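# Breakdown of the fold
Chain residues, written in single-letter form:
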Amino acid sequence: MATFISVPLKKSSEVDLVKPLSKFVTATYPPGEEQAEYLRAVEELNKLRKSALGRPLDKHESSLEILLRYYDQLCAIEPKFPFPELCLTFTWKDAFDKGSLFGGSVKLALASLGYEKTCVLFNVGALASQIASEQNLDNDEGLKTAAKFYQLASGAFAHIKDTVLSALNREPTMDISPETVGTLSQIMLSQAQEVFVLKATSDKMKDAIVAKLANQAADYYGDAFKQCQYKENLPKYFYFQDVLPVLAAKHCMMQATAEMHQSALANQKKKFGEEIARLQHATELVKTASSRYDEYVNVKDLSDKINRALTAAKKDNDFIYHDRVPEVKDLEHIGKASLVKATAVQTPLSQKFTDLFEKMVPMAVQQSVSAANSRKAETVNRLIGSMREATNLCNGVLASLNLPAALEDLSGDAVPQSILEKSRALIQLGGLQSIEQLIKDLPELLQRNREILDESLKMLDDEEATDNELRGKFNQRWNRTPSGDLYKPLRAEGNNFRNILDKAVQADQVVRERYTAHCEMIALLCKPENELSAAIPSANPAKTLQGSEVVNVLRSQLAQLDEVKREREVLEGEVKSVTFDLTAKFLTALAQDGAINEEVMTSSELDARYGSHNQRVQQNLRRQEELLSQIQVSHQEFSALKQSNSEANTREEVLKKLASAHDSYIEISSNIKEGTKFYNDLTEILLKFQNKCSDIVFARKTERDELLKELQQSIAREPSAPSFSVPSYQSNTPAPAGGPTPAPRTMFSQQQPQAKPQPPARPPPPSITPQAASAAVPVSAPMAPGSSNPPPVAPTGPSQAQGPPYPSYQGYPGYYQMPMAYNPYAYGQYNMPYMPYQAQGQAGYPGAPATQQPYPYPQQPPQQQPYYPQQ
């Protein structure tokens, strides 16, 4: 009786996981122990896939354990790697499609980890069904194991039904479509319930319980049969054509089992008529299963058991009880009891699973950490930028006031000490040549970055053009994601890089203009002290201001301002040295809430870390603002005390320009060094972008080649024209007879011809003269008024096939329309006399319209192939 259904495994093409995953690891993690550990884990993952999918699996729990471990590992790494960006393409064949003569089986290639997980889970269900089918159901352990794995298979297929469309975002192959896996899940659940029926029977449980279990199993099998029968796509598979009769037979057998045990319950309740009625119904069910599905299931044991019980019940009722036997429709319905439930898919499925990438944080955490680092960098740059801006403002104000040089130049002819210090500083930094070399290198760095970006985008453009060309050629057959849609994020990223480069060009131009404006004074500052002294105009000695209260106040204020600057330098170092890591907090939030509110968490942490520094920076800026106001007031008093003349004014202007040139040199040099570092860093980023573009283009080319191969096979499998049914007279062997050769026809078939039957013979030739024929059948009879078609053929005779309305093909004569009055199969129907066969050159057959020419039969050329369709 026990015939159980198992599901075949899907087959996958080999995939190299090492190269793309290793590239991500090396690009994301710095060299060290952590990176080496992840690279080893990538190798182990690749080996695990080969073990799970790259070899035939035994129908044993150890093989299923490998599949479960691989599925768990896929679920574990899904949030840790950016699989959409890696463009890993997984190719799987349809489990039920056996292919055709001209091509392989149906397969689908997708760059989706969800697709890989779905197919692996399908194999989990398939292998679980095979393991369950191999169990020995004669012992308790085998029954428990079979029930366990059938429920696991049902749960796996049910999970695919709920998730496959969202995982693939496109139409899946038929084997993993929601309809198919839903039916498989129901079949596995039915078999699990049947196993419990067998266990209850072997445990000799009460008949009422066994009847309810069996009736529930019959219900499950009935639902599975309906799903197979009424869903259009399923019976197309050879697999489901074999499954349908098994399901129907199992439905009958489980119902018969339920009736048999319910009859025993009726016997216990002294309802002997009901007992006989139920046993008779069970006998009918078993007979139905035996007569229709005998080659699929063995019902002999069950049939014998029911027949013995029925014979005994009838004998007792006929001789002793004489109870009335009710109709089946009047019997009370048997109850139902389900002991099975599809096992929910909850990772980890394997009890021995250990995550190979346990220390690697999920991509959501990585992205949150990256965003937090960006916010931190913005905060640091804002604080440092505000302090540097304040320093530049301070230097600019002092240079415009010629301070502190004005206080040092009371003699009017010596070079002020502050100017000499600035000159020595510039010479030590490399002077004019150093800054000119840095400016000269900028265009080369810019051009290198532009070339990398242009080459990356050109790869995308070329592949997209090829994709559009093939899409226009194959139309709907080219059913992969358009390259234009797939490349939108990359193009947006490329446009962002281009905008960054354009802004960098503008910043470079501003730096060059500023350098040009101060170039002359910078060159003067870089000269030796004697040349510098000669270049500065001399002036008459100023009035004796040494010891003046205004000078002392100014010097005190400048000293306080220097202290404010030094405080800012200390603050800048402290701001740069602050470090913190939010990874642990992000992991906790992800585990507790399933999501990370990065903005709120990062803002809170930044306020705690940089709140005090921000307050100190603001205090420093306010202190500087107060001091500059005081210095400007004191400088006005100082200028009023000095003796003004044209030489003194000229000298003061030159000193101001020299001080400003020093500050500009420091700022320009800093800007150019930052620009050089920016271009070098951008080069690394653009190279990663180029690698990303190269990887996705390579993956798309691989996918394109696979799809082209499938299309070629599909086109080869398709017929060149629609198929036509073969007329019955061509498939039957008629009695040999002489007669004219029938008109040739061009017929088409989807399958390769197997044989070339001989053309059927013509009916016997007529035996009357043409004159008699003319007299016997008028031209206008028996045509219906307004009809141009020949009269209908008798229902009992085969109809003459009509040729297809296609133009003739080269090498084959075209199809010629039959004369309207000629129908060799309809003589007797309309009482038309038999007409003699007319030889070549005779007049046309009677019954044709008067205007029609005699019908010339086209003759076959010598050694021409038969014109009949080949069977």
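First things first, this report covers the structure right here in the doc. (Residues numbered from 1 in each chain as written. Predicted model: local features only at pLDDT ≥ 70, side-chain atom pairs only at ≥ 80, totals over all residues. Heavy atoms only, no water.)

## Thoughts on the packing of aromatic side chains
This structure, assessed with the given rule, holds 10 aromatic pairs. With a centroid separation of 6.3 Å and an interplanar angle of 70 degrees, the aromatic rings of phenylalanine 96 and phenylalanine 122 are classed as edge-to-face. Linking phenylalanine 96 in the loop between strand E1 (90-93) and strand E2 (107-110) with phenylalanine 122 in helix H5 (residues 113-133), this pair joins segments that are 26 residues apart in sequence. The same class applies to phenylalanine 96 and to phenylalanine 122, which are both buried. (Phe/Tyr/Trp six-rings, centres within 6.5 Å; stacked < 30°, edge-to-face > 60°. Helix = DSSP H or I, 4+ residues; strand = E, 2+ residues; numbered from the N terminus. Buried < 20%, exposed > 50% of the residue type's maximum accessible area, 1.4 Å probe, protein only.)

## As for the pattern of salt bridges
Where charged atoms from two side chains of opposite charge approach closely, those side chains can pair. Inspection of every chain in the model, using the stated rule, returns 38 salt bridges. A salt bridge links glutamate 674 to arginine 388; the nearest nitrogen and oxygen atoms lie 3.6 Å apart. Here glutamate 674, found in helix H22 (residues 646-717), pairs with arginine 388, found in helix H12 (residues 363-400); they are 286 residues apart in sequence, far enough to count as distant. Among the residues examined, glutamate 674 registers a relative accessible area of 42% and is labelled partly exposed. Residue lysine 585 is joined to glutamate 605 by a salt bridge in which the shortest nitrogen-to-oxygen separation is 3.0 Å. With lysine 585 in helix H20 (residues 583-593) and glutamate 605 in helix H21 (residues 598-641), this residue pair connects regions lying 20 residues apart in the sequence. Judged by relative accessible area, lysine 585 falls into the partly exposed class, the value being 44%. Here the salt bridges do not stand alone but share partners, grouping Asp140, Lys144, Lys199 and Asp203 into one network. (Salt bridge = Lys/Arg side-chain N within 4 Å of Asp/Glu carboxyl O.)

## Quick word on the nonpolar core
Counting residues in each nonpolar core, the largest one holds 96 residues, and the members touching the most others are Leu21, Leu64, Phe81, Tyr115, Phe122 and Phe357. Residue contacts for phenylalanine 357: discarding those within four places in its chain leaves Tyr38, Ala41, Val42, Leu45, Gln73, Ile77, Lys80 and Phe81. One finds Leu446, Ala504, Leu686 and Ile696 within the second-largest nonpolar core, a separate group that totals 46 residues. (Core = buried A, V, L, I, M, F, W, Y, C linked by side-chain atoms within 4.5 Å. Contact = heavy atoms within 4.5 Å.)

## Description of unusual backbone geometry
With an omega dihedral of 0 degrees, the bond running from threonine 347 to proline 348 counts as a cis peptide bond. Topologically, proline 348 is positioned in the loop between helix H11 (300-321) and H12. The phi dihedral of lysine 204 falls on the positive side, at around 55 degrees, and the residue is not glycine. Among the secondary structure elements, lysine 204 is positioned in the loop between helix H7 (178-202) and helix H8 (207-230). The phi torsion at lysine 270 lies on the positive side, around 65 degrees, for a residue other than glycine. Positionally, lysine 270 belongs in the loop between helix H9 (238-268) and helix H10 (272-293).

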